[in-house]
Amino acid sequence: MTSMRCIVCGNEAGNRLLQAREKMNGTLDSFDYLQCAACGHLHLVVPPTDLGPYYAKGYYSFHSRAIPAWRQWLYRTRTSSMLGGGSWLGKMLERIKPPYYSYWLGKTGLRLGNRVLDVGSGAGNLIRILQCAGLECTGIDPYLPENSSTPEGVELRKADLMDERKTYHAILFNHSFEHVPNPREMLQTAASLLEPGGCVVVRIPLSDSFAFFHYGADWFQWDAPRHQNLFTKNSFRQLAEQCGLRVDTVLDDSSDIQFWASEQYRRNIFHNSKESYAHNERQATFSKRQIQEFKRWAKWLNQMGAGDQAAFICRKPGS
Ligand SMILES: [Zn+2]
């Protein structure tokens, strides 16, 4: 019999089952999620025995060409000023065109030479940039084909966080945390591997968002069955506290994709189909003006704290 207990707060009263279908590839397989009446957390009740077929080719991009030298110079110059180094030129570049990760990197307190672990790194696209900027980065991902290292010197290991022994100044879950079946064990392990003063950065979709309430099962970031846990700000805070961490900072960072991809699902256009705006901007049904409108709405929702994703920066109390 299905347990009706919330895996985060333990509440059983008033919880309900909701159905969502697989719409990224368009198999339309149906999955049950338990929604907690107390903390709002959504949890996939029975994950498929083999999730492999649901991760279509291209979900992860594993091939990696070297970052051109001029780009490496740009990353180093622009980002190292955020990490306690750099020059007036870097500060100026950062101000003129801040990198897409600057809003959370600037809140981590990381310094040049610090060790960073990216959990669920894929090909390491983010940490390759951070390595160029002067951090010592490692990526782990159980779905990597083999152990390797990138041309910039980032070590990529086919490994699970539970087997990790080294300590780090920051541990990143960059849209990987919603995929794991055991979020509590993952966060507890991450907390145990932190250097004093270090932090865990978790970027996840949020189900206490306008997009979830408006689009329901057509919400793009529900992404059944790949997203096994869909947190609310409340349920994530509770889990972090149970794992000995305190959420220091929450940064709402949703984008226009919450609108156009969900609108496509409403019209039965699957994300990976040829007609999707994700693959064919010219033939898609959205005008440039509409996309601009979606961007404005996303910005406004972020200001209101109702966007469909956020970055959480978590620390051990007292560290
Ligand atoms: Zn709950």
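Reading guide: rules and limits
Residues numbered from 1 in each chain as written. Predicted model: local features only at pLDDT ≥ 70, side-chain atom pairs only at ≥ 80, totals over all residues. Heavy atoms only, no water. Helix = DSSP H or I, 4+ residues; strand = E, 2+ residues; numbered from the N terminus. Expected span 1.5 Å × (residues − 1). Buried < 20%, exposed > 50% of the residue type's maximum accessible area, 1.4 Å probe, protein only. Arc of directions from axis to C-beta. Contact = heavy atoms within 4.5 Å. 1 Å grid on protein atoms, 1.4 Å probe; cavity = no way out; pocket = protein on both sides within 12 Å on 5 of 7 lines; lining within 4 Å. Points joined across faces, edges and corners; volume = space filled by probe spheres on them. Nonpolar A, V, L, I, M, F, W, Y, C, P; charged D, E, K, R; others polar. Pairing = 2+ DSSP bridges. Right-handed = clockwise from strand over helix to strand, strands pointing away.

Draft legend 1. Expanded view of helix α9 (residues 288–304). Between its terminal C-alpha atoms α9 stretches 25 Å, which fits the 24 Å expected from 17 residues at 1.5 Å a residue. All of the buried residues in α9 are I291, F294, A298, L301 and N302. Taken around the axis of α9, the buried residues stretch over an arc of 100°, which confines them to a single face. Opposite the buried face of α9, by more than 90 degrees, sit the exposed residues R289, K299, Q303 and M304.

Draft legend 2. Focus on the environment of R16. You can see R16 is positioned in strand β1 (residues 16–21). You can call R16 partly exposed: its relative accessible area is 48%. Setting aside chain neighbours within four positions, we find R16 in contact with M4, Y33, L34 and Q35.

Draft legend 3. Main features of the layout of surface pockets. Size it by volume and the second largest pocket reaches roughly 310 Å³. Of the residues that constitute the lining of the second largest pocket, the class distribution is 13 nonpolar, 5 polar and 2 charged.

Draft legend 4. Quick peek at the pairing of strand β8 (residues 168–174). Of all 7 residues that make up β8, 5 are buried, and the element is covered over most of its length. Strand direction decides the pairing type here: strand β4 (residues 115–119) and β8, joined by 3 bridges, are parallel. Within β8, the position partnered with D118 by the bridge is L172. Pairing geometry for β8 and strand β9 (residues 194–205), over 6 bridges, is parallel. Considered in β9, the bridge of N174 is made with R203. For the crossover that starts at β8, traverses helix α5 (residues 183–192) and ends in the parallel β9, the hand is right-handed.

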